Amino acid sequence: MEFTSPEGERKYDAFVRAARRAVVGLDFDGTLAPIVDDPEQAHIHPDAGAVLVDLADVVAAVAVITGRPARQALALGGLEEAGNAIGDTGKELYLFGQYGNERWSSTRRRIVSPRPPAGLATFLRDLPRTLREADAADAWVEDKGLAHAVHTRRMADPDGAFDRLLPPLRALAERNGLVLEPGRHVIEVRAPGMDKGQAVETLVSEVGAGAVMFAGDDLGDVEAFEAVAKLAADGLPTLLVCSASSEESALVALSDVVVHGPEGVLDLLRRITADARAAS
């Protein structure tokens, strides 16, 4: 764990003092689960469930906010079991899937999801030609239901393929009224009108939070970081955590604390839990 500035250390202390009124938002991939070649095998860190349950005892609410479909995050994260245990503490575990378009909680126990966005069918019709023209026909396309993600991680030159694909996929998305979300060797195309920042704002409003933390690792988390920064400007104690890697460092400059991967995130959550108990 590394504070990015003396201000970061002061913000950590203020957040711990306000922990009982806080919501903690966490990305999934790269934050609670390691980045792997096959996203369908990205299981949550084996210690994460117990750490989240322990954390829930000292904060107002815990939420996983991810670009993954909610059903997939539940299956890979063991979140239903963690939700049961968190419910025993009188708290709630929230899951916002597909950047907030899908919702699940440990009390409602069903996924609420909208219809696929208009324009997605036309996008998919034109996608194979776009991949061929970018010399990336063998990129893996993941169907997320409300979105599609084009992965270059398994390709011979993942960085080169990513760079070639980004401009034409952005143009194709825009022609069909969709938005593009770049990540670590992945380009996701989805409906406009929702992002992780709005999910954070919704959660804070519904819970009536008096403090906010968010931990993420990738470009898809920028909107969440911006939302938390806005809440900080409004006077709430906040903490922004970057789960850093050798592949992506865009969030480091926006963060108060930098940790290294899921292990570092869990160590930080353990420390917050212990410090919050000591402060109460």
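Every value quoted in this text rests on a predicted model; they were computed, and no experiment measured them. (Residues numbered from 1 in each chain as written. Predicted model: local features only at pLDDT ≥ 70, side-chain atom pairs only at ≥ 80, totals over all residues. Heavy atoms only, no water.)

### Observations regarding the overall build of the chain
Line of reasoning, step 1. For the chain, the count of helices and strands is nine helices and 12 strands.
Line of reasoning, step 2. Here the C-alpha atoms of the chain give a radius of gyration of 19 Å, agreeing with the 19 Å that 2.2 N^0.38 yields for 280 residues.
Line of reasoning, step 3. Its C-alpha atoms give the chain principal-axis dimensions of roughly 60 × 40 × 35 Å.
Line of reasoning, step 4. A burial count over the chain gives 56% of its 280 residues as buried.
Line of reasoning, step 5. The long-range share in the chain, meaning contacts at least 24 apart out of those at least 6 apart in sequence, stands at 69%.
Line of reasoning, step 6. Of the roughly 11800 Å² of accessible surface on the chain, 49% is carried by carbon and sulfur atoms.
Line of reasoning, step 7. In the chain, which carries 29 positive and 44 negative side-chain charges, the distance between the mean positions of the two groups comes to 5 Å. (Helix = DSSP H or I, 4+ residues; strand = E, 2+ residues; numbered from the N terminus. Rg over C-alpha atoms; globule rule 2.2 N^0.38 Å. Buried < 20%, exposed > 50% of the residue type's maximum accessible area, 1.4 Å probe, protein only. Contact = heavy atoms within 4.5 Å. Areas by Shrake-Rupley, 256 points an atom, 1.4 Å probe, with all protein chains shown as cover. Lys, Arg positive; Asp, Glu negative; His and termini not counted. Charge placed at Lys NZ, Arg CZ, Asp CG, Glu CD.)

### Describing the packing of aromatic side chains
Line of reasoning, step 1. Overall, the coordinates contain two aromatic pairs when judged by the stated rule.
Line of reasoning, step 2. Judged by centre distance (5.9 Å) and plane angle (65°), the ring pair of Phe-3 and Tyr-12 falls under edge-to-face.
Line of reasoning, step 3. What makes Tyr-12 buried here is its relative accessible area of 2%.
Line of reasoning, step 4. A centroid spacing of 6.0 Å and a plane angle of 80° characterise the contact between Phe-214 and Phe-225, whose relative ring orientation is edge-to-face. Taken together, the residues Phe-214 in strand 10 (residues 211–216) and Phe-225 in helix 8 (residues 222–233) connect sequence positions 11 residues apart. Phe-225 shares its class with Phe-214; the two are buried.
Line of reasoning, step 5. Sitting over the face of the ring of Trp-140, Arg-154 holds its NZ or CZ atom 4.4 Å from the ring centroid.
Line of reasoning, step 6. Above the ring of Tyr-12, the side-chain terminus of Arg-271 is found at 5.0 Å from the ring centroid. (Phe/Tyr/Trp six-rings, centres within 6.5 Å; stacked < 30°, edge-to-face > 60°. Lys NZ or Arg CZ within 6 Å of the ring centre and 35° of its normal.)

### Thoughts on the packing of helix 1 (residues 6–17) against helix 9 (residues 261–279)
Line of reasoning, step 1. Interhelical geometry of helix 1 versus helix 9 gives an angle of 60° and a closest axis separation of 9 Å. One way to sum up the angle between helix 1 and helix 9 is to call them oblique. When the axes of helix 1 and helix 9 are compared, the crossing they make is right-handed. Between helix 1 and helix 9, the contacting residues are Tyr-12, Phe-15 and Val-16 on the first element and Leu-268, Arg-271, Ile-272, Asp-275, Ala-276 and Ala-279 on the second.
Line of reasoning, step 2. The residue makeup of the contact of helix 1 with helix 9, split by class, is seven nonpolar, no polar and two charged. (Axes fitted to C-alpha atoms, helices over the stretch in contact; angles between N-to-C directions. Parallel < 35°, antiparallel > 145°, perpendicular 65-115°, else oblique. Left-handed = near helix turned anticlockwise from the far one by under 90°. Nonpolar A, V, L, I, M, F, W, Y, C, P; charged D, E, K, R; others polar.)

### As for the nonpolar core
Line of reasoning, step 1. Membership of the largest hydrophobic core comes to 44 residues, with the highest contact counts inside it found for Leu-26, Met-213 and Leu-269.
Line of reasoning, step 2. In terms of residue count, the dominant contributor to this core is helix 9 (six residues).
Line of reasoning, step 3. Contacts of Met-213, omitting those with residues within four sequence positions, involve Phe-15, Val-23, Val-24, Gly-25, Leu-26, Leu-239, Val-241, Leu-268, Leu-269 and Ile-272. (Core = buried A, V, L, I, M, F, W, Y, C linked by side-chain atoms within 4.5 Å.)

### Some thoughts on the packing of helix 7 (residues 196–207) against helix 8
Line of reasoning, step 1. Helix 8 packs onto helix 7 with a crossing angle of 40° between their chain directions and a minimal axis gap of 6 Å. Considering their axes alone, helix 7 and helix 8 lie oblique with respect to each other. Relative to helix 8, the crossing made by helix 7 is right-handed. Note on element contacts: helix 8 touches helix 7 through Glu-223, Ala-224, Ala-227, Val-228 and Leu-231, opposite Lys-196, Gly-197, Val-200, Glu-201 and Val-204.
Line of reasoning, step 2. In the contact of helix 7 with helix 8, the residues fall into six nonpolar, one polar and three charged.

### Some thoughts on the sheet that holds strand 11 (residues 238–244)
Line of reasoning, step 1. The eight strands are arranged 1-12-11-10-2-3-4-5 in an open sheet whose pairing can be described as mixed. The open sheet is flanked by strand 1 (2–3) and strand 5 (102–105), the only strands paired with a single partner.
Line of reasoning, step 2. Pairing analysis gives five bridges linking strand 10 to strand 11, with the strands arranged parallel. Residue Gly-216 lies in a different strand from strand 11, and its bridge partner there is Cys-242. (Pairing = 2+ DSSP bridges.)

### So, helix 2 (residues 48–56)
Line of reasoning, step 1. When helix 2 is considered as a whole, its buried residues turn out to be Ala-48, Val-51, Leu-52, Leu-55 and Ala-56. Buried residues in helix 2, looked at end-on, bunch into an arc of 135°, giving them a common side.
Line of reasoning, step 2. Lining the buried residues of helix 2 we find strand 2 (22–26), strand 3 (61–65), helix 4 (79–88) and helix 9. (Arc of directions from axis to C-beta.)

Treat this as a map of the structure, not an account of what it does.
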